[in-house]
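Structural features, examined
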Amino acid sequence: MKLVLLGPPGAGKGTQSVVLSKKYSLPHISTGDILREAVKGGLPLGLKARSYMEKGELVPDEIVTGIVADRLKKPDTKEGFILDGFPRTLKQAQDLDSALKAMSFGIDMVLYFATSPAVAIERLSGRRVCKNCGFNYHIKNIPPKKEGVCDKCGGVLFQRPDDKEDTVKNRLKVYEDQTKPLIDYYINEGILKRVSGDMGVDELFKVLSKVFADAKLA
Ligand code: AP5
Ligand code: MG
């Protein structure tokens, strides 16, 4: 199963990737996570990406495409993968197609999480992330058992700097301008499947499992 998860910030791409990755034993490749790790570790990649991420702008295509091309060369992607948050521009989509073609495979399905802006904003403003293991919570929808503390590892929860109101507004605008055109791109390729991102986590997971079964992907 070679999947791309497409949708606005807050659509639930990361949350569903975690459960899908576990159920179908697929590597979860999130460009946002890779970039955040690089920023945290003070790596040269992080130094280049940081200012874009803080403003909610996209990191330049050549940087992100390079990361994904390298990651896809690892042997664990042979049976499939989940790309979360990539591609995000037409150039990235075209470069991904070329890279996969050179490896003699293509994307099986692009899952488009259609999500209303009000839902996305509510989710992003309430998101809290574990500083230690990176697990995502939501203060109302997916709260930790103990406020401010990760259930899984006891780490401290914090708010992503780009989840502050002004940056969220810009991220949604950037999505509209630069990423939304990918919907038509993948409709034309005949591989786009639209699902509602406004559903709860478990409900959406059930819908996705059925989509894969109907498409005979799983
Ligand atoms: P990235 O990390 O990809 O952020 P994003 O796309 O803005 O997506 P989010 O992680 O905010 O949303 P999500 O859909 O994953 O939602 P989640 O499941 O977390 O990118 C960050 C930055 O990195 C970009 O701005 C850019 O600078 C750079 N970047 C990354 N990729 C790039 C690329 N390809 N090109 C260029 N630059 C790139 O859920 C959100 C919240 O809602 C959580 O609190 C969660 O608990 C909750 N929640 C999730 N699902 C549900 C549900 N179904 N019901 C209720 N609550 C839910
Ligand atoms: Mg995410």
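Residues numbered from 1 in each chain as written. Chains lettered and ligands numbered in written order. Predicted model: local features only at pLDDT ≥ 70, side-chain atom pairs only at ≥ 80, totals over all residues. Heavy atoms only, no water.

Let's shift gears to the environment of N170. Tracing the backbone through its elements, the reader meets N170 in helix α7 (residues 165–179). With 30 residues separating them along the chain, N170 and G200 place their C-alpha atoms 25 Å apart. Contact partners of N170, with chain neighbours within four places excluded, come to K55, G56 and E57. Within polar-contact distance, the side chain of N170 engages the side chain of E57 at 2.9 Å. (Helix = DSSP H or I, 4+ residues; strand = E, 2+ residues; numbered from the N terminus. Contact = heavy atoms within 4.5 Å. Polar contact = N/O pair within 3.5 Å; in protein donor to acceptor, adjacent residues only side chain to side chain.)

This part is about the packing of aromatic side chains. Throughout the structure, instances matching the rule amount to four aromatic pairs. Taking the centre distance of 5.4 Å and the plane angle of 85 degrees together, the rings of Y24 and F212 count as edge-to-face. With Y24 in helix α1 (residues 13–24) and F212 in helix α9 (residues 201–214), the pair connects residues that are 188 residues apart, well separated along the chain. Comparing Y24 with F212 shows no difference in burial state: the two are buried. Plain terms: the ring middles of Y185 and Y186 are 5.0 Å apart, the flat faces sit at 85 degrees to each other, and that makes the pair edge-to-face. (Phe/Tyr/Trp six-rings, centres within 6.5 Å; stacked < 30°, edge-to-face > 60°. Buried < 20%, exposed > 50% of the residue type's maximum accessible area, 1.4 Å probe, protein only.)

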